[in-house]
Amino acid sequence: MNQAVISCLHANLPAVEAVLKDIELQGITNITCLGDLVGYGPQPNEVIELIKEKKIATCQGCWDEDVVDGLDACDCSYPSQIAERRGHFAHQWTTGKLTKENKDFLANLPYSIRKDKCLFVHGSPNSQHEYLLPDMDAFAALERVENAKAEILFCGHTHQPYIRELANGSIAVKVKNSGSKDIQKKEMNLPMRRIVNAGSVGEPRHGGTKATYVVYNDITNDVKIREVEYDIELTCKAIINAGLPPIFAWRLKNGFEFAERAEDASHVCER
Amino acid sequence: MIERWALISGLKGDLDTYELIQKDLKKTPGNITLFVLGDMIGPEKNCNKLLHRLINPKSNDLQPWCIYGWWEEQILLESGYRGNQRAEALRINKGEEVVKSLINAVDKSFLDWIAALQFGFVELDCGLIHGSSKDVGDDLTLDTPPLTLLDRLTRLQVNRLFTARSTQQFHLELTEGILNSEVHDLTGNHKKEQKVPQKAVIGVGAGKNYTLYDVGTDNTQFVRAGYQSEKKKNGFGLHF
Ligand SMILES: [Zn+2]
Ligand SMILES: [Zn+2]
């Protein structure tokens, strides 16, 4: 059966509505959301209420966590000080806008959701703030899936959708200096695992302007990346009217890839 | 002169063992650098004398290069050096008594020195750390899945990781590794074959058990403090 996985909605209501419509048109009713309901965008309460209304199973994203905990996103995940200041401003703005009920909703979201062989997380099984970028060290990527005891790991947070298959792996080890005369050697085969990044509904960073999400068929194991057009102008106007940094609107309109993301894929926020 | 590292950990306030090791190292040939990979303190003994000695080495002591370990992290947590967090994991696992003993074992005047210690050292292509760069309490052993070991090496971007948390002594080489990665994104398919260069994880031991590492030959020697005198007794020779 087909199921949809969405992530990083970022308070962009027109994008969320368009994606949910696209999912509905395919007759898909099973939807999982990987968090970041808020942040950057102008409609945090509206997006949370829509997710609640549709009863979509959701994990807590990095923004959801930070807004609730009153912490600012880890500065090490910003590429520049200006970006950091903008990010902090958006945090304050969002915190000020959110109703108590919606803050509670974000606070109570789970870190992960497990369905059979699938694990759904925002960043990585280690942290909502860890980026699993598509070119991350293959062994380290496999370790994330293996350690989480999953066969397919669904994540978001990078805002770049991709499907990564890690296969035909092996590692050989040798115990040196064990005190015994025979050299102990071992070779083991690594299991085939997949990482699926759902991209971003409300703040795409794949180089285009369309909202992205993925459709997974749990019978054929097939994963498809979907791109959906939405009324970008509407969101951009709302960003400006809300007094949020205009660069957030400019980025959506031009589909520029650069944004607040860590340079180092293995980086984990130590905060 | 041969470049050699001495790696010790888990002294937990035991000045006698530290002195024994210093004595050993004086008789060990080579140009030796002494690294203390954390757990200088612990709840069992008063640690003030050892801390004083580490901070103010005697004139004929090898200068110790210290990083903090799991027990240092616990005292820093409990003493409010980590914001609102306290040493809850310790409290739950070992009880309130142990938390109190730890606090009593270390004079408050040492806390700033402990708080200023580094998390680890990177020397040449080696990482020296108490647990791993993932966590100071990361318990790496011979039985840790190689994929996990590889991840810990990757995080630090080193070829050799010296770790102390498990208290075990081992030298595990990852001799070979291969993994195929295929990424499908909106621009198409990207295939890559990744190989692992030779890497190693070394458990340095704790207390009287410590490790000598020969930088030039990449050989480890697992030693028990006082071995020089034991050597005479049982005729067991050490070959460098
Ligand atoms: Zn996001
Ligand atoms: Zn995120």
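Worth saying up front: this structure is predicted, and the values here are computed from it rather than measured. (Residues numbered from 1 in each chain as written. Chains lettered and ligands numbered in written order. Predicted model: local features only at pLDDT ≥ 70, side-chain atom pairs only at ≥ 80, totals over all residues. Heavy atoms only, no water.)

(A) Local environment of the interface of chain A and chain B. Taken together, the contact between chain A and chain B spans 37 residues of the former and 36 residues of the latter. Summed over both partners, the interface of chain A with chain B comes to about 3100 Å²; 57% of that surface belongs to carbon and sulfur atoms. The largest per-residue losses of area from chain A upon contact with chain B belong to Phe139, Lys176 and Asn177 of chain A, which jointly make up 21% of the total buried on that side. Applying the counting rule to chain A against chain B returns five salt bridges. Run the count over chain A and chain B and you get 15 residue pairs in polar contact (both at pLDDT 80 or more). (Contact = heavy atoms within 4.5 Å. Buried area = accessible area lost by both parts, 1.4 Å probe. Salt bridge = Lys/Arg side-chain N within 4 Å of Asp/Glu carboxyl O. Polar contact = N/O pair within 3.5 Å; in protein donor to acceptor, adjacent residues only side chain to side chain.)

(B) Representation of the coordination of the zinc ion (ligand 2) in the model. Residue and element names in this part refer to chain A. Donor atoms from the polypeptide that coordinate the zinc ion (ligand 2) comprise Asp36 (OD), Cys62 (SG), His122 (NE2) and His157 (ND1), at 2.1 to 2.4 Å from the metal. One can describe the site at the zinc ion (ligand 2) as irregular: its four donor atoms subtend angles covering 88 to 158° at the metal. Linear spacing of the donor residues for the zinc ion (ligand 2) on their chain is D-x25-C-x59-H-x34-H. In this structure the zinc ion (ligand 1) is found 3.4 Å away from the zinc ion (ligand 2), and aspartate 36 serves as a bridging donor for the pair. Within this pair, whereas aspartate 36 is found in the loop between strand S2 (31-33) and helix H2 (44-53), its partner histidine 157 is found in the loop between strand S6 (152-155) and strand S7 (162-176), the two being separated by 121 residues in sequence. Comparing aspartate 36 with histidine 157, the two get one shared label, buried. (Donors = N, O, S within 2.8 Å, 3.2 Å for Na, K, Ca; no water. Tetrahedral: all angles 85-135°; square planar, octahedral: opposite > 155°, others 65-115°. Helix = DSSP H or I, 4+ residues; strand = E, 2+ residues; numbered from the N terminus. Buried < 20%, exposed > 50% of the residue type's maximum accessible area, 1.4 Å probe, protein only.)

(C) Broad picture of the sheet that holds S2 of chain A. Residue and element names in this part refer to chain A. Pairing within the open sheet is mixed, and its five strands lie in the order S3-S2-S1-S10-S11. Looking at which strands have only one partner, the edges of the open sheet turn out to be strand S3 (57-58) and strand S11 (223-228). Relative to S2, strand S1 (residues 2-6) runs parallel, the two being bridged by three bridges. By the bridge assignment for S2, alanine 4 is matched with isoleucine 31. (Pairing = 2+ DSSP bridges.)

(D) Main features of the coordination of the zinc ion (ligand 1). Residues and elements named next belong to chain A. Protein-derived ligands of the zinc ion (ligand 1) are Cys8 (SG), His10 (NE2), Asp36 (OD) and His159 (NE2), with the metal-ligand distances lying across 2.2 to 2.6 Å. In this structure, the zinc ion (ligand 1) is coordinated by four donor atoms arranged in irregular fashion, with angles at the metal of 83 to 168°. All donors of the zinc ion (ligand 1) come from a single chain, and their spacing in sequence reads C-x1-H-x25-D-x122-H.

(E) Up close: the pairing of strand S2 (residues 31-37) of chain B. Residues and elements named next belong to chain B. Extensive coverage of S2 is indicated by the burial of five of its seven residues. Bridge count for strand S1 (residues 3-8) against S2 is six bridges, and the pairing is parallel. Looking across to S2, one finds that leucine 7 is bridged to phenylalanine 35. Note that the unit made of S1, helix H1 (residues 15-27) and S2 has a crossover that is right-handed. In this sheet, strand S3 (residues 64-67) lies alongside S2 in parallel orientation, the contact comprising four bridges. Bridging across to S3, leucine 37 finds its partner in isoleucine 67. Remark: the S2/helix H2 (residues 48-55)/S3 crossover connection has right-handed handedness. (Right-handed = clockwise from strand over helix to strand, strands pointing away.)

(F) Up close: the nonpolar core. By size, the foremost hydrophobic cluster in this structure holds 42 residues, and its most contacted members are Ile6, Leu9, Ile23 and Leu37 of chain A. Here this core gets seven residues from one element, more than from any other, and that element is helix H1 (residues 13-25) of chain A. Beyond its immediate chain neighbours, meaning those up to four positions away, leucine 9 of chain A contacts Val16, Cys33, Gly35, Asp36, Leu37, Val47, Ile51, Val201 and Gly202 of chain A. Membership of the second largest hydrophobic core comes to 40 residues, among which are Leu90, Leu102, Val106 and Phe110 of chain B. (Core = buried A, V, L, I, M, F, W, Y, C linked by side-chain atoms within 4.5 Å.)

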